[in-house]
Each structure stands twice: as structure tokens, then as C-alpha cells.
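One letter stands for each residue in the lines below.
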Amino acid sequence: MKDETKAAIICIAPAIAIIGTFTLFPIFYSFGLSTTDWDGLSPTINFVGLSNYSKLISSGAFWNSIKVTLYYTVGVSIISVIAGLALASLINRTGGRLASFYRVIYFIPVVTSFVAAGVVWKSLFSPAGFLSDTFRSIGLSPPNWLADPIWAMPALIIVGAWMRLGFNTVISLAGLQSIPRGYYEKAKIDGAGALNRFRFVTIPLMKPIILLLLIMSLVDAFLIFDLAFVMTGGGPLGATNVAGLLLYKNAFHYYKMGFASAIGVMIFAIVLIITLVQMRLFKFGRRA
Amino acid sequence: MNERDISQATVRNLIKRIAGIVRRTWVHIFLLTLGFVVLMPFLWMITTSLKPLELMRVPPHLIPTHFYWQNYAIALESAPFGRYYLNTIIVTIGIVVGQLFLSSLAGYAFARLRFPGRNILFLVLLSTLMIPIYITLIPSYLIIRGFGLVNTYLGLILPFLVSAFGIFLFRQYYIGFPKDLEDKALMDGCSRLQIWRHIFLPLSKPAFATLGIFAFLFAWNSFLWPLIVTTDPDMWTIQIGLAMFSGRYGTQWTYLMAGTTISIIPAIAIFIILQKYYIKHLALSARLG
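Residues numbered from 1 in each chain as written. Chains lettered and ligands numbered in written order. Predicted model: local features only at pLDDT ≥ 70, side-chain atom pairs only at ≥ 80, totals over all residues.

1. Topic: the overall build of chain B
Counting its secondary structure elements, chain B contains 14 helices and zero strands. Reading the helices (α) and strands (β) of chain B from amino to carboxyl end gives α-α-α-α-α-α-α-α-α-α-α-α-α-α. Whereas a compact globule of 289 residues would reach a radius of gyration of roughly 19 Å, chain B reaches 26 Å, over 25% beyond that. By its C-alpha atoms, chain B is 80 × 75 × 35 Å across when sized along the principal axes. Burial analysis of chain B (289 residues in total) assigns 40% to the buried set. (Helix = DSSP H or I, 4+ residues; strand = E, 2+ residues; numbered from the N terminus. Rg over C-alpha atoms; globule rule 2.2 N^0.38 Å. Buried ≥ 20, exposed ≤ 12 C-beta atoms within 10 Å, placed from the backbone.)

2. Things to note about the overall build of chain A
Secondary structure assignment for chain A yields 12 helices and zero strands. What you see in chain A, going N to C, is helices and strands ordered as α-α-α-α-α-α-α-α-α-α-α-α. Summarising its shape, the C-alpha atoms of chain A cover approximately 75 × 70 × 35 Å along the three principal directions. By the burial criterion, 44% of the 288 residues in chain A qualify as buried.

3. Side note on the environment of Ala75(B)
All names here are of chain B. Of note, Ala-75 is situated in helix α2 (residues 70-78). Judged by local crowding, Ala-75 falls into the buried class, with 23 C-beta atoms found within 10 Å. Separated by 182 residues in the primary sequence, Ala-75 and Met-257 have C-alpha atoms spaced 8.9 Å apart. Among all residues touching Ala-75, those that are not within four sequence positions of it are Phe-81, Tyr-255, Ala-258 and Gly-259. (Contact = placed C-beta atoms within 7 Å.)

4. Here's the deal with the interface of chain A and chain B
Tallying the contact residues gives 72 residues for chain A and 73 residues for chain B. Examining the composition of the side of chain A that touches chain B, we find that 21 residues originate from one element, helix α1 (residues 3-33) of chain A, more than from any other. Along the lines of polarity and charge, the residues of the side of chain A that touches chain B split into 52 nonpolar, 14 polar and six charged. (Nonpolar A, V, L, I, M, F, W, Y, C, P; charged D, E, K, R; others polar.)

5. Some details on the confidence of the model for chain B
When pLDDT is averaged along chain B, the result is 86, and 91% of the positions lie at 70 or above. Predicted as a complex, the structure gets a pTM of 0.90 and an ipTM equal to 0.90. (pLDDT = per-residue confidence, 0-100.)

6. With respect to the domain arrangement of chain B
Residues and elements named next belong to chain B. Under the domain assignment used here, chain B contains domain 1 (3-70) and domain 2 (79-288). Relative to domain 2, the C-alpha centre of domain 1 lies at a distance of 37 Å. On the domain 2 side, the residues contacting the seven residues of domain 1 number seven residues. Partitioned by chemical class, the residues of the side of domain 1 that touches domain 2 number four nonpolar, two polar and one charged. (Domains from an automatic or database assignment.)

7. Some words on helix α9 (residues 194-222) of chain A
The first and last C-alpha atoms of α9(A) sit only 35 Å apart over 29 residues, clearly below the 42 Å expected at 1.5 Å per residue. Of all the bends in α9(A), the greatest reaches close to 60° and is centred on Lys207(A); the proline Pro208(A) follows between one and four positions later. (Expected span 1.5 Å × (residues − 1). Bend = angle between axes of the 7 residues up to and from the residue.)

8. Notes on the nonpolar core
Ranked by internal contacts, the top residues of the largest apolar core, which has 160 residues, are Tyr72(A), Leu156(A), Ala228(A), Ile263(A), Ala106(B) and Ala109(B). With 14 residues, the top contributor of residues to this core is helix α7 (residues 152-177) of chain A. Shared between two domains, this core holds at least three residues of each, these being domain 1 (3-70) and domain 2 (79-288) of chain B. In this structure Tyr72(A) touches Met153(A), Leu156(A), Ile157(A), Gly160(A), Ala221(A), Ile224(A) and Val242(A), once residues within four positions along its chain are discounted. (Core = buried A, V, L, I, M, F, W, Y, C linked by C-beta atoms within 7 Å.)

9. Digging into the environment of Phe167(A)
Turning to its location among the elements, Phe167(A) is positioned in helix α7. Along the sequence, Phe167(A) and Pro109(A) sit 58 residues apart, while their C-alpha atoms lie 9.3 Å from each other.

10. Here we look at unusual backbone geometry
Comment: phi is negative for the bulk of residues other than glycine, and the bulk of peptide bonds are trans. With a phi close to 55°, Leu237(A) is a non-glycine residue in the positive phi region. Take Leu237(A): it is sitting in the loop between α10 (226-231) and α11 (243-252). Positive phi, normally seen in glycine, also occurs at Asn151(B), with a value near 65°. Among the secondary structure elements, Asn151(B) is positioned in the loop between α5 (133-146) and α6 (153-157).

11. Re the packing of helix α5 (residues 114-125) of chain A against helix α12 (residues 238-248) of chain B
The N-to-C vectors of α5(A) and α12(B) enclose an angle of 20°; their axes lie 9 Å apart at closest approach. The orientation of α5(A) relative to α12(B) falls into the category roughly parallel. For the element pair α5(A) and α12(B), the recorded crossing hand is left-handed. Where α5(A) approaches α12(B), its residues Val115(A), Ala116(A) and Val119(A) are matched on the opposing element by Gln239(B), Leu242(B), Ala243(B) and Ser246(B). (Axes fitted to C-alpha atoms, helices over the stretch in contact; angles between N-to-C directions. Parallel < 35°, antiparallel > 145°, perpendicular 65-115°, else oblique. Left-handed = near helix turned anticlockwise from the far one by under 90°.)

12. Some points on the environment of Val104(A)
Tracing the sequence through the fold places Val104(A) in helix α4 (residues 99-111). It is 27 Å that separates the C-alpha atoms of Val104(A) and Val201(A), two residues lying 97 residues apart in sequence. Beyond its immediate chain neighbours, meaning those up to four positions away, Val104(A) contacts Ile272(B) and Gln275(B).

See below:
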């Protein structure tokens, strides 16, 4: 064997071992587990074929979890991408002064843990909390956010979008700053107002970045766990019982490892579909 | 052109410039106000953590009149936050050091060494970035349990000791180095590993800073994995401790906010110190994610 190959093996062996053990092998392991009724403890494992999947498909809790996860995912993605782009446009208009200051300010929620954010927002949303008081002070009667099946998910969406806003703003700002100034000046000479310049210069040139941020948000938000765990625990009445929580409860509270693995495979499939759609869209975007 | 015209032009220019400044000022005022709104939850957290407990019921003031630093002492007494901190620091150091070392090593091989299967292996590695944690969670837990590593630091660290993102980052960084960097060393009889150790490693500071902050924030903030591999409260990390504290002390917001403030400080401090490395590479992480 060549020295170079030997050195390469030494260099990559630890990385391959860890990623192999904890990422690649588990994918097959999960598929396997999902065809059993194992409880994670007993010595006997029964092969049950696809019955976990047929149970899933006929389970109201599963479809509810997919529905509320999608609700959260789409809500967070749309709000945070649009708000991030708008915010980046404003920062860009100030001519770069203070841009790095704003970047840091708006980015702080992004580096905060979901647990800490969840705890703080839970208190803001509580009936005696700051948000409810602000509502009352302007004459509105606030809902009991986290205890209300209708308002619990919007509350989570607000927090999720708040945590993602800075990321989308910073990436959008980088995109905006890479648009040559001349494009805007030419449009101005052609008589385009600020709104038309945004519509006909910014939007088309930012399309790939907007798409990227949207897909990234969708994939990320779909995996929500911490926030729902801390703020609502999945309630009220399953209104925030997202797919990750459903899997966690089945695996580690009810010890239905086989059934929970089937949920994991389904989540994997959904994320894969979003990713494949992303790839198609990007190829399309490049050709256009 | 007479003097009148000139002065009129000057006035017009001046008005235009003032209008520009006024417009920009409005944008700044708006951005600052919005920034305040975005940071409001943190302000609320800090001020609540310094209020007396019984004042929580009446309409709250954002700024307290007296500072109750004892809330922090009470929070620290009612839950072993010191222990959680220690656990989190150990786990975070393990993950950060492991990721820096192993990603640099593997990134070097993928960037500078030729070996059979290199490209296909790298592609497989990159594709793991798209795999959601939920399909690997249960098997990873069973493997860690099989190794007897539940409730151990190693069990918390091992699955995250290396990341495909880190390997990619280092590969991109090393691939830009000039070719003759290692040629001379090879002629002098250095081994490949010596070249990595004595030439590439000392030049890696920016990449270390970048991956370091990503890995730090990941490790410090992670919740789901520590939640399932620790059942012993002595092994809880700060996020688990905080979540459990929140579950137990439900509405005693003053102490809860004190605990939350304590848990947040390191992440925000590291971010502010290393933010230029973080934000610069955000685009890279975006393209990968």
C-alpha cells in the first residue's frame, strides 16, 4: 500500500468510524427496528412486517402530529423568510453604517438555546406575563396563549420565527450586498420607483437565496422538538404534539421502539422529499 | 451662471442631502426600535430575574425598582446549576476539541491526499448532512446503551465527536493552500502526518475559530440527545436542568429567569467574541444545510 493511502486511512478512520456508527448504520437499523414490535428491553424481538406502518397510517395521533408540524413549519418559514428579507433590505438601505451592529443584535436569538427561549417566552405568554399585559394595556383581551388549542401553535410559531429571523436576515443581507449598485441606478434612470426596483431587480436576483432560505427553514423547522417540549409538552389537546415529540414519547415513555422507529422513517421520508424538491427547484432556477 | 443660480443649486443640493439623512435616520430609528423589540425577551428575562417574587402578580414594570440579586442565590440553591454547568462544560469541551482535531485530520486527507474511493467517500459524508436526527436517534441510543455509556460523559460526547460539516469546512480551507507547501517537506523526508501536524495545523487558526464556535453553540444548546442518554440528575446538562427546573417551578418566574440567564450567558458571550468567524461562514453552513 502506498504511504499516501496509509496516511489517509489514519486521518479519516476516526471520522468514518463515528459517522458510520452513529449516522449511517442507524439508518438501516431504524428501518429494521420499524418492522419489529420491540420494547427496547425484552430479550425477544418479533418481526411484525409493515404492521407498524399500517398502524401509523390509521392513527389519528400520527396524522395530527404531521398536520401540526407542517403548520409550524410553514408558518415559521414564511414569516421568517419574508421578515428577514424585509429587514435585510432596510439594513442595506442605511448604506452599511451600523450593519454589523444590527447583524449582532438580530442574531442573538439565533444563538440562544431553544430551551432558554422556550422558558422565557412561556413566561411572556403566561396570563400574568408581559405580552398579555401589553395586549390588555391597548384594550385587547389576550388569549390564554399556551393553554388554548387554537393559540398554542401560533405562539410557538412566533417564537420559532423570532429565533430564525436573524439567520435569514444575515444571509439575505449578504445576498443583497452582492447585487451590483449599477443595476439599481440603471433602473432608476429608466424611471423605476423604489417599489418597482424591489420588484424587478431585487426579487429576481434574490430568488435563489430566497428559495434556499425557504427550504432550509422548512427542513429545520420540521424537526422542531425542544420548543414544544418546554413550552407546551405537546398540549393542549395535542395542538402542538409535533412529530418529534410523538416519536420521543413513543420511544422513551411507552417503550414502543419499533413503532417509534417507523415514525422516524416517516420523518426521514418527508425531509427527503423536501430536499429532493429543493434540488429540482434549484436546477430549474439555474436554467431560468 | 450668476451667483443667484449657484446659491440656488447649493440650496437644492443641501435639501437633497438633508432629505437623504432624514430618510436614513428614520430607517435607523425603525431598525433600532425593532432591535429593541427583538431583544425584549432578554430584557424581560433579566429584569424578571431581579424582581421580588410576590410582585409578579400585579401589572409588571419592565424595569424593577429594587434589584433582588438573591434570586440568583435561591435559584442556585434550589437546583444544582453548578453541577449542570460543570457537566455542560465537560461535554462541550469534549465535543469542540474532538471536532476540531478529527475534522482537521479528515479534512486534510480529503483535500491533500490521493487515495482510492476518496470522492465517493466524501460524497457519502456530505449526504449525511441531510439526514434528520430522528432516524438515527433510537439506534444511536441503543448503541450507546449497548456500550454501557448511558449517564456518562462519553455517551454524551461520542456521537458528536466529528461532524461532516467540520470535515467539509477544513477540506475547503486546506484545498486552497499552495501545492509546493508540502513538496519541500516531502523531499526533506517528512511523513504526511508530520506535514499535517507541523505545517497545516499551525495555519488552521481561522478554521478552528469558525468550527469552534459552531461546535460550541451546538454542544452548549443541545437538548434531545442529553435528554435521552441521561437519567441521573447528576449527569444533566444545563439545558436539561433548565427544562426540568421549568417543569418543577412552573410559575416562579423570578427564579426561573435567574436560571435561564445563567444558562444563556456563555453562548451569547462566545458568539459576541467570535461573531466575525461565525457570520462569515454562515453562508457556507447555509449552502450545506
